[in-house]
Amino acid sequence: MSIDLPDAKPLRQQVFEHVRATGRAARTDVTRALNISAGSATTLTADLIGAGLLREVEGLPRESGRGRPPVALEVVPEARHVIGIKLSDETHSAVLSDFAGRPVADATLPSSPGRKSLDRVLEEVDVLIDRILKEADMALPDISAVGMGIPGIVDHGTGTVTWSPFLIDPDVDLRAAFVARFGVPVYLDNDTNVLSLAELWFGAGRSIADFAVVTIENGVGMGLVLDNRLFRGARGMGLELGHTKVQLDGALCRCGQRGCLEAYLADYALAREAATALDRNLRTAQSPYVMLDSLFAQAKSGNEAARTIFRRAGRYLSLGLSNVIQLFDPGLIILSGERMQYDYLYSKEVLSEMQKLTLSDGRTPCKVEVHAWGGMIWARGATALALEAVTEAALGDARA
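Per an unreviewed UniProt entry, the protein carries the name ROK family protein and comes from Yoonia algicola. Within the UniProt record for the protein, the comment given under Sequence similarities (unreviewed entry) is "Belongs to the ROK (NagC/XylR) family."

A. Up close: the overall build of the protein. Helices and strands together make up the secondary structure of the protein, namely twelve helices and 15 strands. Its C-alpha atoms give the protein a radius of gyration of 23 Å, near enough to 21 Å, the size a compact globule of 400 residues would have. Judged by the C-alpha coordinates and their principal axes, the protein covers about 70 × 55 × 40 Å. Each of the 400 residues in the protein was classed as buried or not, and the buried ones make up 50%. Of the contacts formed within the protein by residues at least 6 apart in sequence, a portion of 60% connects residues at least 24 apart. As displayed, the protein offers around 18,300 Å² of accessible surface, 50% of which is attributable to carbon and sulfur atoms. Charge separation in the protein, taken as the distance between the mean sites of 42 positive and 50 negative side-chain charges, equals 3 Å.

B. Representation of the confidence of the model for the protein within the structure. Of all residues in the protein, 91% attain a pLDDT of 70 or more, and the chain-wide mean is 88. Segment residues 1-6 is flagged for pLDDT under 50; beyond a separation of four residues in sequence, or across chains, it makes nine contacts in the model.

C. Representation of the sheet that holds strand S6 (residues 145-150). One open sheet holds the five strands; their spatial order is S5-S4-S3-S6-S10, and the pairing between them is mixed. Only two strands of the sheet have a single neighbouring strand rather than two, namely strand S5 (103-110) and strand S10 (186-190). For this sheet, the mean angle separating the axes of adjacent strands, direction not counted, is 15°. In this structure, strand S3 (residues 81-86) lies alongside strand S4 (residues 91-98), joined through six bridges in antiparallel fashion. Within S4, the position partnered with Val-82 by the bridge is Ser-97. In the packing of helix H4 (residues 118-136) onto the sheet, the strands contacted are S3, S4, S5 and S6, and the crossing angle to S5 comes to about 145°.

D. Region of the structure containing the pairing of S10. Counting buried residues in S10 gives four out of five residues, a clear majority hidden from the surface. Here five bridges tie S6 to S10, and the two strands are oriented parallel to one another. What sits directly across from Ile-150, in S10, is Asn-190.

E. Here's a closer look at the nonpolar core. With 47 residues, the main nonpolar core has Met-222, Leu-265, Leu-295, Phe-310 and Ile-333 as its most contacted residues. When residues of this core are traced back to their parent elements, those giving at least two are strand S11 (211-216), strand S12 (220-226), helix H7 (262-265), helix H8 (267-277), helix H9 (288-300), helix H10 (304-328), strand S14 (332-336) and helix H11 (348-356). For this core, the element with the highest residue contribution is H10, accounting for nine residues. Ignoring any residue separated from it by four or fewer positions in sequence, one finds Ile-333 in contact with Ala-212, Val-214, Leu-321, Val-324, Ile-325, Cys-366, Lys-367, Val-368 and Glu-369. Judged by nonpolar contacts, the second largest core, of 40 residues, contains Val-30, Val-194, Ile-377 and Leu-385.

What counts, and where the lines are drawn
Residues numbered from 1 in each chain as written. Predicted model: local features only at pLDDT ≥ 70, side-chain atom pairs only at ≥ 80, totals over all residues. Heavy atoms only, no water. UniProt positions renumbered as here; feature names shortened; annotations may be inferred. Helix = DSSP H or I, 4+ residues; strand = E, 2+ residues; numbered from the N terminus. Rg over C-alpha atoms; globule rule 2.2 N^0.38 Å. Buried < 20%, exposed > 50% of the residue type's maximum accessible area, 1.4 Å probe, protein only. Contact = heavy atoms within 4.5 Å. Areas by Shrake-Rupley, 256 points an atom, 1.4 Å probe, with all protein chains shown as cover. Lys, Arg positive; Asp, Glu negative; His and termini not counted. Charge placed at Lys NZ, Arg CZ, Asp CG, Glu CD. pLDDT = per-residue confidence, 0-100. Pairing = 2+ DSSP bridges. Axes fitted to C-alpha atoms, helices over the stretch in contact; angles between N-to-C directions. Core = buried A, V, L, I, M, F, W, Y, C linked by side-chain atoms within 4.5 Å.

As structure tokens, this is what we get:
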């Protein structure tokens, strides 16, 4: 299988991003890491220092224990600031980050229930941004860009949300509406993609080039990193694992089709079955999250009907993960999302079933890790989305 990836980043950008990823780096570290000459490293870092993007600092340990400590390079943190936002059904999260990628402040806001109009979404985002700016003692003109993750099918290039379980209308030009209201550039992506960026920038992806992220919350999502780059597909519609079909004419999915993996595994699917197992009425005001917690407690206490629901969901997850391995052969699959608190979904039985469904005889099984992150790590991934764009723009200005 061949997948076309973006061209390699300019060397100047590679130098800058290496320094940011390591926190502090000597020029000799840069030459070794990027396999470039000492002269090139000196010239490129001098340009970046002159542009106010890097600075020299002391603080690296002496290699021989004698003489002056070597001079290191670090990103000028106050050069730019960005905000990352994760929109969700229950709670919106935001992180304000400096140019070095370090969080400065964070904030949350309860999400109004049900699908929302574009105006309602922007009103809630307005409150959230105001809250985090006050926390950081900053103003909107101090922000270079905003990154935003939203569930559904998102065209990263145009900023259009083709479909989202979060929005009433399809084909919403969220980017244009955001810029018109706030006057700040915004970069949008599917929420699982921004979580994958969080892993790539701040988590397991810093030490592995190819990995997949599978999320289970009120939906089922997937992100894919190949050769240290996020893969989005040609039209932003790829990697919708939750909407791959596992049962023809099967259970109804919230996308309107039947038989999607999500319809057997996501929160609303489990809550639908939990109502029967716990003899509850789905029309009552009880939160599906409360119902799922009750179902899990019942399963742990020996309720066989509750256990069966989780076992069935686990088998469907095995099928989905097997398909991911068969199609992409990642070095690692990271399971994430709030439902990872339910250990039935990543039990030995689930992973064993995944392996049985995969043509992998004689090969090392794909490694699976569970990262039960909260909402803030998704928002921090959205800061990476904004930092990518701001970095490219800043380096472009430095060349001008």
